[in-house]
Protein chains: 4
Amino acid sequence: MSAPKGIASTPAPRRGRPRSEARKQAILQAAFELLEERGLAATSMDAVAERAGVSKATIYRWWDSKELLALDALYAAWDTAGPVARQTGTLRAEMLALVRPWVRLVAAGPSARILTALLAEAQNDPAFGQAYRAHFVEPRRDQARAVFWRAIARGEIPAGIDVEVAIDLLWGPLYHRLFHGHAPLNDRFARRSVDTVLAGILPRETTSPD
Amino acid sequence: MSAPKGIASTPAPRRGRPRSEARKQAILQAAFELLEERGLAATSMDAVAERAGVSKATIYRWWDSKELLALDALYAAWDTAGPVARQTGTLRAEMLALVRPWVRLVAAGPSARILTALLAEAQNDPAFGQAYRAHFVEPRRDQARAVFWRAIARGEIPAGIDVEVAIDLLWGPLYHRLFHGHAPLNDRFARRSVDTVLAGILPRETTSPD
Amino acid sequence: MSAPKGIASTPAPRRGRPRSEARKQAILQAAFELLEERGLAATSMDAVAERAGVSKATIYRWWDSKELLALDALYAAWDTAGPVARQTGTLRAEMLALVRPWVRLVAAGPSARILTALLAEAQNDPAFGQAYRAHFVEPRRDQARAVFWRAIARGEIPAGIDVEVAIDLLWGPLYHRLFHGHAPLNDRFARRSVDTVLAGILPRETTSPD
Amino acid sequence: MSAPKGIASTPAPRRGRPRSEARKQAILQAAFELLEERGLAATSMDAVAERAGVSKATIYRWWDSKELLALDALYAAWDTAGPVARQTGTLRAEMLALVRPWVRLVAAGPSARILTALLAEAQNDPAFGQAYRAHFVEPRRDQARAVFWRAIARGEIPAGIDVEVAIDLLWGPLYHRLFHGHAPLNDRFARRSVDTVLAGILPRETTSPD
DNA sequence: CGGTAATCGAGACGGTACGTCATGTCTTACA
DNA sequence: TGTAAGACATGACGTACCGTCTCGATTACCG
């Protein structure tokens, strides 16, 4: 195979007719619209091709599968997700700065439907799973790691804290409500959740017995 | 339609040839095996029918879709999940009693793959979503609610606690690791997670500022 | 098998509950109506059972297959086809007496549709073919044979005539129009057809060279 | 739909991948073989696809139904049926030249089984009926018309003859034996049949009374 | 007159084919 | 070489029908 594939990157100019960047954007746009309207399962590649005014072959030249396209489309649509958490001085403020934009972004649209579909695919296809985590999981964990490390550096929380566990305690409840939908995912829940986790982490006199 | 469909119940059949219970079990068994081996997407109704020694029409007579069948099959396979949490006296012990069997059950097999597939379907089909929650979400929440209420009654935790939030804090991190697979879901993580949440809930001298 | 089947006859009394003749008639009636409305292919046994107010098992106790039922139903509906050809003295008159009632009967309703379906089945299943011919072909040939034999006895036509060929010449063109539908099958065509055949059979001076 | 369907023609394809003529032939060939072996009812589209080494979708892309495919397949297999009747000078010779190749063709193989199945379908579906007549009925009638007209032009038979009726008298008996199978369809029968019809048509002294 | 043996209504069931649809590949002609 | 158009293999889908079966309820007759 001569062209770089999978999750698309802009190729270096080669011989022959160059790939059209405009078409790539049209495909991503069309794919995202259809995903929003119908979800992944009900979005066919033919439909994407038609709405983008593009042939199926062109799509498959950029992405190897429908799922990879969906991953890219969702990721591209979220690129406007805003800047990373600013260093605001307290752990609580930084945790909220991390979590709130995500809640706003995700609670609004039909993101849960698309995300769970990608999640399911990630369980079936290990390679896709890697891509999924690299796009949607690790970036947020990296940000969170930085937040907790800064708090440790400031002395806000003990150095002995298991940061990985703390990250799961931070994000887990939010994803839980997003995916299962048993109760609303809103700013109030985010605050309560963050506060409780924080209370569990911050140093205190009596610790729970092992 | 005269017969109850979707999630099967065992009504009192009066007229006509009665449904074969043996075949129902064979179908559920075959479905579960295939789900374990291949996941939901790669399990075809034809394959289920063949392995169960049953015709496709028979399956569709009792389950409206592959997803509802998978829901039933997984649920039936988990019915041996063991007794509910015993009243062990302390909140921590009861939380662990709730969570540990689930972790063992889920971490062992390929449950995550099946569960995420069902989750994705639940997002696409509201009716299925209800069935999903009624089978896999609400029962555990009910148990957890009872656990927290007992702790309140005992005076272990303040009555003002938002139990629903607490439940999400308990289960969220566990599901998070199960679904995203970025780190192991084991007993150690369960203990740490429970302890931190507990520390966040239990009364202390200094509370976090609002 | 204890009961006489295939083309049904009224059985001799045996032990146990006797078969209901009324139900048999209801089945034949329902079958004929549906055949008229939809043709054989679009008539399902379930539909016959429902319209007759009878269970499928009852139908299959009388007839071995849908086709045999259809054969019986059409035959029963035609039993009112009128008396056999009267001996009217001339060959031409008797031929017309033979052919005209059939033309009237067949040209009116949707018989061609049913008959061709039975014909097709007769080609696939030799046993059914025998039943078909015994019901719809041989009776008419027998009548025609008698007609020609009387004409020979009267000296109207030479004894050397091949009666079997003559019968095919008489009926062939009529069936041709019935089945192919390229031109109307009416009394005028029947007369012309009969006259031409007659002219070919009656003795003349010059015969065609061999 | 942009492509011509039903009975295939060979248009000038412009855009996109052109239809594979080899596959078309493979389908027609496979269909004809299966029709010969099993008849129309027992020939499944899956079986045709498998034997032709082709997907079912490809078959349905070009033929709307099994029956239209069968029509095409039988027609294609008969295209080698030989040249049209030569002008041999006498009506009798030309009638025989018309009829004999058909008798040979049809009496040999299992054509009757296929033809009656198509006939039955023609009765159920008017559109198919048109196609059937256009392929299997009208061409032969056209040839026969020409034969009779030439005979009239030569003065062999009176101009007042009803040619349409004559054609039915010519073909009717042959189809009759083919379809009903009560007696052999062979060259001897064809000769006798033609001679009798001829005798009924040719001018004579005494005509039958009205 | 009560037991026995068949028929009957209802409907579950195995099997088989149907015709449709979506994925991802391939084949043309054109740009 | 990239692209639009669209044919193609593969394989699952959910439906429909046939003819068989399994129940419980019904009806005759026969002892």
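If you're wondering where the values come from, they're calculated on a predicted model, not measured in any experiment.

1. Some points on the domain arrangement of chain A
Interface extent is often summarised as the accessible area lost during association of the parts. Residue and element names in this part refer to chain A. Assigned domains of chain A: these are domain 1 (17–77) and domain 2 (83–206). The C-alpha centroid of domain 2 is placed 29 Å from the C-alpha centroid of domain 1. Interface area lost by domain 1 to domain 2 is led by L71, L74 and Y75, which between them contribute 47%. At the boundary of domain 1 with domain 2, the tally comes to zero salt bridges. Along the contact surface separating domain 1 from domain 2 lie three residue pairs in polar contact (both at pLDDT 80 or more). Element by element, the count of residues in the side of domain 1 that touches domain 2 is highest for helix α4 (residues 66–77), at seven residues. The residue makeup of the side of domain 1 that touches domain 2, split by class, is seven nonpolar, one polar and five charged.

2. What to know about the nonpolar core
Core analysis: the largest hydrophobic core is formed by 137 residues, its most contacted members being L118, Y132, F148 and W171 of chain C together with L118, Y132 and W171 of chain D. The residues touching Y132 of chain C, leaving out its near neighbours within four places in the chain, are L71, L115, L118, L119, A122 and V137 of chain C together with H180 of chain D. Core analysis: the second largest hydrophobic core is formed by 136 residues, L40 and W102 of chain A together with L35 and V54 of chain B among them.

3. Focus on the packing of helix α5 (residues 91–108) of chain C against helix α7 (residues 126–154) of chain C
All names here are of chain C. Where α5 meets α7, the closest approach of the two axes is 9 Å, and the angle between their N-to-C directions is 170 degrees. If you check the angle between α5 and α7, you find them roughly antiparallel. Judged by residue contacts, L91, E94, M95, L98 and W102 of α5 engage R140, Q143, A144, V147, F148, R150, A151 and R154 from α7. Grouping the constituent residues of the contact of α5 with α7 by class yields eight nonpolar, one polar and four charged.

4. Thoughts on the confidence of the model for chain A
In this model, chain A carries an average pLDDT of 88, and 85% of its residues clear a pLDDT of 70 or more. This stretch, residues 206–210 of chain A, has a pLDDT under 50; its non-local contacts, to residues over four places away or in other chains, come to three contacts.

5. Points about the interface of chain D and chain C
On the side of chain C, 49 residues touch chain D, which itself brings 49 residues to the contact. A buried area of about 4000 Å², summed over both sides, lies between chain D and chain C, and 57% of it is on carbon and sulfur atoms. Where chain D packs against chain C, one counts four salt bridges. At the boundary of chain D and chain C, one finds ten residue pairs in polar contact (both at pLDDT 80 or more).

6. A few points about the protein's contact with DNA strand F
Taken together, 45 residues sit near DNA strand F, with R17 and T58 of chain A, Y60 of chain B together with S55 and T58 of chain D positioned nearest. The protein-proximal atoms of DNA strand F, defined as those within 4 Å of the protein, are 64% sugar or phosphate. Broken down by secondary-structure element, the contributors of at least two residues to the surface near DNA strand F are α3 (56–62) of chain A, α2 (45–52) and α3 (56–62) of chain B, α3 (56–62) of chain C together with α3 (56–62) of chain D. The element best represented in the surface near DNA strand F is α3 of chain D, accounting for four residues. Counted by class, the surface near DNA strand F contains twelve nonpolar, 14 polar and 19 charged residues.

7. Remarks on the relation of the copies chain D and chain C
Of the transformation placing chain D onto chain C, the axial shift is 0.1 Å and the rotation is 180 degrees, giving an RMSD of 0.3 Å. On the angle and the small slide along the axis, the relation comes out as a two-fold axis. It is G200 of chain D whose C-alpha, among those of chain D, lies nearest the rotation axis, at 1.9 Å. A high fraction, 100%, of the interface residues of chain D reappear at the interface in chain C, so the copies pair face to face through one surface.

8. Side note on the interface of chain A and chain B
Contact with chain A, which involves 49 residues of that partner, is made by 49 residues of chain B. The contact between chain A and chain B buries some 4100 Å² in all, and 57% of this surface belongs to carbon and sulfur atoms. Applying the counting rule to chain A against chain B returns four salt bridges. One salt bridge connects D168 of chain B with R177 of chain A, and the closest N-O pair in it is separated by 2.4 Å. Remark: the boundary between chain A and chain B carries eleven residue pairs in polar contact (both at pLDDT 80 or more). Breaking the side of chain A that touches chain B down by element, the ones donating at least two residues are α6 (111–124), α7 (126–154), α8 (163–180) and α9 (187–201) of chain A. Of the residues contributing to the side of chain A that touches chain B, the split by class is 21 nonpolar, 13 polar and 15 charged.

9. A short note on the relation of the copies chain A and chain B
Superposing chain A onto chain B takes a rotation of 180 degrees combined with a translation of 0.1 Å along the rotation axis, leaving an RMSD of 0.2 Å. Of all interface residues in chain A, 100% are interface residues in chain B too; the two copies therefore contact each other through one and the same surface.

What counts, and at which threshold
- Residues numbered from 1 in each chain as written.
- Chains lettered and ligands numbered in written order.
- Predicted model: local features only at pLDDT ≥ 70, side-chain atom pairs only at ≥ 80, totals over all residues.
- Heavy atoms only, no water.
- Domains from an automatic or database assignment.
- Buried area = accessible area lost by both parts, 1.4 Å probe.
- Salt bridge = Lys/Arg side-chain N within 4 Å of Asp/Glu carboxyl O.
- Polar contact = N/O pair within 3.5 Å; in protein donor to acceptor, adjacent residues only side chain to side chain.
- Helix = DSSP H or I, 4+ residues; strand = E, 2+ residues; numbered from the N terminus.
- Nonpolar A, V, L, I, M, F, W, Y, C, P; charged D, E, K, R; others polar.
- Core = buried A, V, L, I, M, F, W, Y, C linked by side-chain atoms within 4.5 Å.
- Buried < 20%, exposed > 50% of the residue type's maximum accessible area, 1.4 Å probe, protein only.
- Contact = heavy atoms within 4.5 Å.
- Axes fitted to C-alpha atoms, helices over the stretch in contact; angles between N-to-C directions.
- Parallel < 35°, antiparallel > 145°, perpendicular 65-115°, else oblique.
- pLDDT = per-residue confidence, 0-100.
- Near = heavy atom within 4 Å.
- Least-squares fit on C-alpha atoms with pLDDT ≥ 70 in both.

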